[in-house]
Amino acid sequence: MEIIDGKALAKNVRENLKQEVENLKKEGIIPKFAVILVGSDKASQIYVKNKNKASEELGIEYEEVLLGEETKMSELLEKIDELNNRNDIHGILLQSPIPKHLDINKAFKRILPSKDIDGFNPENVGKLCLNQDTFVSCTPYGIMKMFEAYNIPLEGKHAVIIGRSNIVGKPMALSLLNKNATVTICHSKTKNLKEITSNADILVSAIGKKHFVTADMVKQGAVVIDVGINRTEDGIFGDVDFENVKEKASYITPVPGGVGPMTVAMLMNNVVKSAKMKKLEM
Ligand code: NAD
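1. Considerations on the packing of helix α6 (residues 138-149) against helix α7 (residues 169-178)
- Here α6 crosses α7 at 35 degrees, and the two axes come no closer than 9 Å. Seen along the crossing, α6 lies across α7 with a hand that is right-handed. Where α6 abuts α7, its residues Pro 140, Ile 143, Met 144 and Phe 147 lie against Pro 171, Met 172, Ser 175 and Leu 176.
- Looking at side-chain class alone, the contact of α6 with α7 contains seven nonpolar, one polar and no charged residues.

In structure tokens, the structure reads:
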């Protein structure tokens, strides 16, 4: 069994990116993104802080756009338009969740596909579906990089994903399908879940329930990827009962130190990718 070291992989990605940022700067391009935070969600504030810290380390610039809880949809769209039109901004992030009275899908759609570093714009999701080059949601993108780094074969493998969110489950399924895996998506209405997961060569869990995936749900030798982040008084836990599942897995990601660090690294990767695309236009 091998533990996939997301922290070390992410460090590697960041080192390469740092060099790319320096090269871009020599050519007069400073990679920069804007992050829009609406309201005062505590977890969002932590995520934004992490993203900003990661960008500072790489020499990537960022701008925080803080909007109040009472922001109107028209004001949010106006702000997005303003950032879409600015030449110095290569990427726009809208941190979710946003207050309930606002339509997040409408907002994601408004972000220019070429600045959509989160990969949430329907045009970019469509491109992923068509297996075309695009910005891919950072969590599944980071997981695909993990498979690559550890030479984990995907073609013809049975990949089972638990969770069908737009941010993780669906783009994960499409990414694996694009690499010729045979993909099954499970969700809260799935029947006989254990029967399906027990057949998985690759099992990705993105549910949000501490220790939901137990050893009896896992095939001997499976690759187990734990996306879950479950904060409890005793600390942060994944969806997978790591201690018991690791005895059966061939590869497994820990929480923390697995998928999480790669997600942030891939976001930085997407900012640099967008800045490089801008360079090609010049
Ligand atoms: P979500 O709440 O949008 O989706 C959860 C999914 O789990 C749903 O599709 C639901 O159908 C499924 N589900 C719930 N109960 C189930 C059950 N009993 N059986 C089978 N399926 C069930 O969540 P999300 O945004 O996809 O996030 C999932 C988890 O991943 C959360 O813990 C979140 O914090 C974490 N996450 C981590 C990262 C990272 O970088 N590591 C990034 C995004 C999300």
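2. Some points on the side chain of Thr 197
- One can find Thr 197 in helix α8 (residues 193-197).
- Non-local contacts of Thr 197, meaning those with residues more than four positions away in its chain, are made with Val 160, Ile 162, Leu 203, Met 217 and Lys 219.

3. Considerations on the packing of aromatic side chains
- On inspection of all chains with the given rule, the structure shows three aromatic pairs.
- Pairing Tyr 150 with Tyr 251 gives two aromatic rings, centres 6.0 Å apart and planes at 75 degrees, and the pair type is edge-to-face. Here Tyr 150 is found in the loop between α6 and β5 (158-162), whereas its partner Tyr 251 is found in strand β11 (residues 251-252), with 101 residues between them in sequence. Across this residue pair, the class does not change: Tyr 150 and Tyr 251 are buried.
- Above the plane of the ring of Phe 237 lies Lys 210, whose end atom (NZ or CZ) is 4.2 Å from the centre.

4. Description of the environment of Asp 116
- Examined against the element boundaries, Asp 116 turns out to sit in the loop between α4 (104-110) and α5 (122-129).
- Considered as a pair, Asp 116 and Lys 191 are 75 residues apart in the sequence and their alpha carbons are 36 Å apart.
- Every residue in contact with Asp 116, bar those within four places of it in the chain, is listed here: Ile 111, Asn 121, Asn 124 and Phe 135.

5. Topic: the sheet that holds strand β8 (residues 223-226)
- The six strands lie next to each other as β1-β11-β8-β7-β5-β6, forming an open sheet whose pairing is parallel. Two strands bound the open sheet, and with one partner strand each, they are β1 (2-3) and β6 (182-186).
- α7 contacts β5, β6 and β7 (202-205) of the sheet and is inclined by roughly 170 degrees relative to β5.

6. Re a nonpolar patch on the surface
- A cluster of nonpolar side chains, contributed by Tyr 47, Ile 229 and Ile 236, occupies part of the molecular surface with about 240 Å² of accessible area.
- As for its placement among the helices and strands, Tyr 47 is situated in helix α2 (residues 42-58).
- Residue Tyr 47 is classed as partly exposed on the basis of its relative accessible area of 32%.

7. Section: the side chain of Asp 239
- Mapped onto the elements, Asp 239 comes out in the loop between β10 (235-237) and α9 (242-245).
- Buried charge without a salt bridge: Asp 239, with Lys 209 as the nearest opposite-charge side chain at an N-O distance of 9.1 Å.
- Within the local environment of Asp 239, its side chain forms a polar contact with the backbone nitrogen of Ile 207, the two atoms lying 2.7 Å apart.
- Reaching out from Asp 239, the side chain makes a polar contact with the backbone nitrogen of Gly 208 at a distance of 3.1 Å.
- If sequence neighbours within four positions are ignored, Asp 239 has contacts with Ser 205, Ala 206, Ile 207, Gly 208, Lys 209, Lys 210, His 211, Phe 212, Val 213, Asp 226, Gly 228 and Asn 230.

8. Describing the site of the ligand
- Around the ligand, the surrounding shell holds 20 residues, and the nearest of these are Arg 164, Ser 165, Ser 188, Ile 229 and Thr 263.
- Here a nitrogen atom of the ligand sits 3.5 Å away from a polar atom, N or O, in the main chain of His 187.
- Within the backbone of Ile 229, one N or O atom sits 3.0 Å away from an oxygen atom of the ligand.
- Coverage of the ligand by the protein chains reaches 73% of its 860 Å² of free accessible surface.
- Ranked by residues supplied to the shell around the ligand, first place goes to helix α10 (residues 259-281) with three residues.
- In terms of residue class, the shell around the ligand is built from eight nonpolar, 10 polar and two charged.

Basis of the calculations
Residues numbered from 1 in each chain as written. Predicted model: local features only at pLDDT ≥ 70, side-chain atom pairs only at ≥ 80, totals over all residues. Heavy atoms only, no water. Axes fitted to C-alpha atoms, helices over the stretch in contact; angles between N-to-C directions. Helix = DSSP H or I, 4+ residues; strand = E, 2+ residues; numbered from the N terminus. Left-handed = near helix turned anticlockwise from the far one by under 90°. Contact = heavy atoms within 4.5 Å. Nonpolar A, V, L, I, M, F, W, Y, C, P; charged D, E, K, R; others polar. Phe/Tyr/Trp six-rings, centres within 6.5 Å; stacked < 30°, edge-to-face > 60°. Buried < 20%, exposed > 50% of the residue type's maximum accessible area, 1.4 Å probe, protein only. Lys NZ or Arg CZ within 6 Å of the ring centre and 35° of its normal. Pairing = 2+ DSSP bridges. Patch = residues over 30% accessible without salt bridge, like charges linked within 9 Å, V, L, I, M, F, W, Y side chains within 5 Å. Areas by Shrake-Rupley, 256 points an atom, 1.4 Å probe, with all protein chains shown as cover. Salt bridge = Lys/Arg side-chain N within 4 Å of Asp/Glu carboxyl O. Lys, Arg positive; Asp, Glu negative; His and termini not counted. Polar contact = N/O pair within 3.5 Å; in protein donor to acceptor, adjacent residues only side chain to side chain. Near = heavy atom within 4 Å.

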